[in-house]
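Residue-level structural notes
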Amino acid sequence: MTSDAPIYKRILLKMSGEALLGDSHAGIDPLVLSRLAKDIQALVNARIQVAIVIGGGNLFRGTELSAIGLDRITGDQMGMLATVMNGLALRDALEHIHLETRLFSSFGVTGIADAFDRRKAIHDLEQNRVVIFTGGTGNPLCTTDSAASLRGVEVAAEAVLKATKVDGVYSDDPVKVRTATKYAKLTFKQVLDQDLKVMDLSAIALCRDHNLPIHVFNINKPGVLMDIVTGKPEGTVIQGGES
């Protein structure tokens, strides 16, 4: 049985840059940004503390840039800068609906975002501010999935909510394989052993080591964030199991 009482007090929402695309091929869709801001507002109004790690794939991807000849490190650095751009857009959308926010970057962008500080981030969360983490881990060759797991552990989040364009984790790509099986629940061991394409393996291992559950869900479904934090069955839950 489920109720409207939150099962989590503090969550880390991992949003890819692609979540901001809407029907576009690149950039940021203002309508999508506005909808996401209102969904986050609903969590804040329910006194749920929200931290966000945002990607930059809607603007730049280091792996794709390196595939056309650009140095991989340079490409990743461009991708890290793209996350700051997305963070600025999200901050503006949240402040437009009168939510207090704090934008952090893992590398120096003086006058644009604050340097990441774990203690300040936790304090802001306790004050019911939305905290946005940009810049990934601050290092090339590391994904924003790894940044989400790392920041989730650092700020003592109770769960990582991994926003995607599909409604959970499947045995295969559901777009390409119609017979792919959707999983309602998985253990960390199953994800690692089967090499399921959920997050990069280092991110999964970090969550496993710190008992940090992961919810994988479709961000485009209305009200999905509130459904997850109130314990309603949604997407795929990854937790527990043998290490």
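Everything that follows concerns the structure shown earlier in this document.
Below or above, wherever it landed, is the structure these notes cover. This is a predicted model, so every value here is computed, not measured.

Let's talk about the packing of helix H5 (residues 144-154) against helix H7 (residues 201-209)
Running from amino to carboxyl end, H5 crosses H7 at an angle of 15 degrees, the nearest separation of the two axes being 8 Å. By the angle between their axes, H5 is roughly parallel relative to H7. The crossing of H5 and H7 is left-handed. Here Asp145, Ser146, Ser149, Leu150 and Val153 of H5 come into contact with H7, specifically with Ser202, Ala203, Leu206 and Cys207. For the contact of H5 with H7, the class distribution of residues is five nonpolar, three polar and one charged.

With respect to the environment of Arg151
Topologically, Arg151 is positioned in helix H5. Sequence separation between Arg151 and Leu43 is 108 residues; the distance between their C-alpha atoms is 19 Å. Within the structure, Arg151 has its side chain in polar contact with the side chain of Glu154 (distance 2.7 Å).

Some details on helix H1 (residues 30-45)
Taking 1.5 Å per residue as the helical rise, H1 with its 16 residues ought to reach 22 Å, and the 22 Å between its terminal C-alpha atoms agrees with that figure. Within the sequence span of H1, burial applies to Val32, Leu33, Leu36, Ala37, Asp39, Ile40, Leu43 and Val44. Buried residues in H1, looked at end-on, bunch into an arc of 165 degrees, giving them a common side. The exposed residues of H1 that point more than 90 degrees off its buried face are Pro30, Leu31 and Asn45. Those residues of H1 that are buried are in contact with strand E1 (10-15), strand E2 (49-54), helix H3 (72-96), strand E5 (130-134) and helix H8 (224-229). If you check the start of H1, you find a side-chain oxygen 2.9 Å away from the backbone N of Leu31, and it comes from Asp29. Taken from the residues just after H1, Arg47 is the one with a positive phi, measuring 65 degrees.

Considerations on the nonpolar core
It is characteristic of soluble globular proteins that their nonpolar side chains tend to be buried jointly. Formed by 40 residues in total, the largest nonpolar core has its most connected members in Leu13 and Ile40. Contributions of two or more residues to this core are made by E1, H1, E2, H3, E5, strand E6 (159-164) and H8. Tallying contributions element by element places H1 first for this core, with seven residues. One finds Val131, Ala147, Val198 and Ile214 within the second-largest nonpolar core, a separate group that totals 28 residues.

Quick look at the packing of aromatic side chains
One pass over the structure, following the stated rule, counts three aromatic pairs. Plain terms: the ring middles of Phe104 and Phe133 are 6.0 Å apart, the flat faces sit at 25 degrees to each other, and that makes the pair stacked. Taken together, the residues span a long stretch of sequence, with Phe104 in strand E3 (residues 101-105) and Phe133 in strand E5 at a distance of 29 residues. Considered together, Phe104 and Phe133 belong to a single accessibility category, that of buried residues. A centroid spacing of 5.5 Å and a plane angle of 75 degrees characterise the contact between Phe116 and Phe133, whose relative ring orientation is edge-to-face. Separated by 17 residues along the polypeptide, Phe116 in the loop between strand E4 (114-115) and helix H4 (118-126) and Phe133 in strand E5 bring together distant segments of the chain. We classify Phe133 as buried; its relative accessible area is 3%. Three or more aromatic residues joined by ring pairs form one cluster here, namely Phe104, Phe116 and Phe133.

Reading the values: rules and limits
- Residues numbered from 1 in each chain as written.
- Predicted model: local features only at pLDDT ≥ 70, side-chain atom pairs only at ≥ 80, totals over all residues.
- Heavy atoms only, no water.
- Axes fitted to C-alpha atoms, helices over the stretch in contact; angles between N-to-C directions.
- Helix = DSSP H or I, 4+ residues; strand = E, 2+ residues; numbered from the N terminus.
- Parallel < 35°, antiparallel > 145°, perpendicular 65-115°, else oblique.
- Left-handed = near helix turned anticlockwise from the far one by under 90°.
- Contact = heavy atoms within 4.5 Å.
- Nonpolar A, V, L, I, M, F, W, Y, C, P; charged D, E, K, R; others polar.
- Polar contact = N/O pair within 3.5 Å; in protein donor to acceptor, adjacent residues only side chain to side chain.
- Expected span 1.5 Å × (residues − 1).
- Buried < 20%, exposed > 50% of the residue type's maximum accessible area, 1.4 Å probe, protein only.
- Arc of directions from axis to C-beta.
- Core = buried A, V, L, I, M, F, W, Y, C linked by side-chain atoms within 4.5 Å.
- Phe/Tyr/Trp six-rings, centres within 6.5 Å; stacked < 30°, edge-to-face > 60°.

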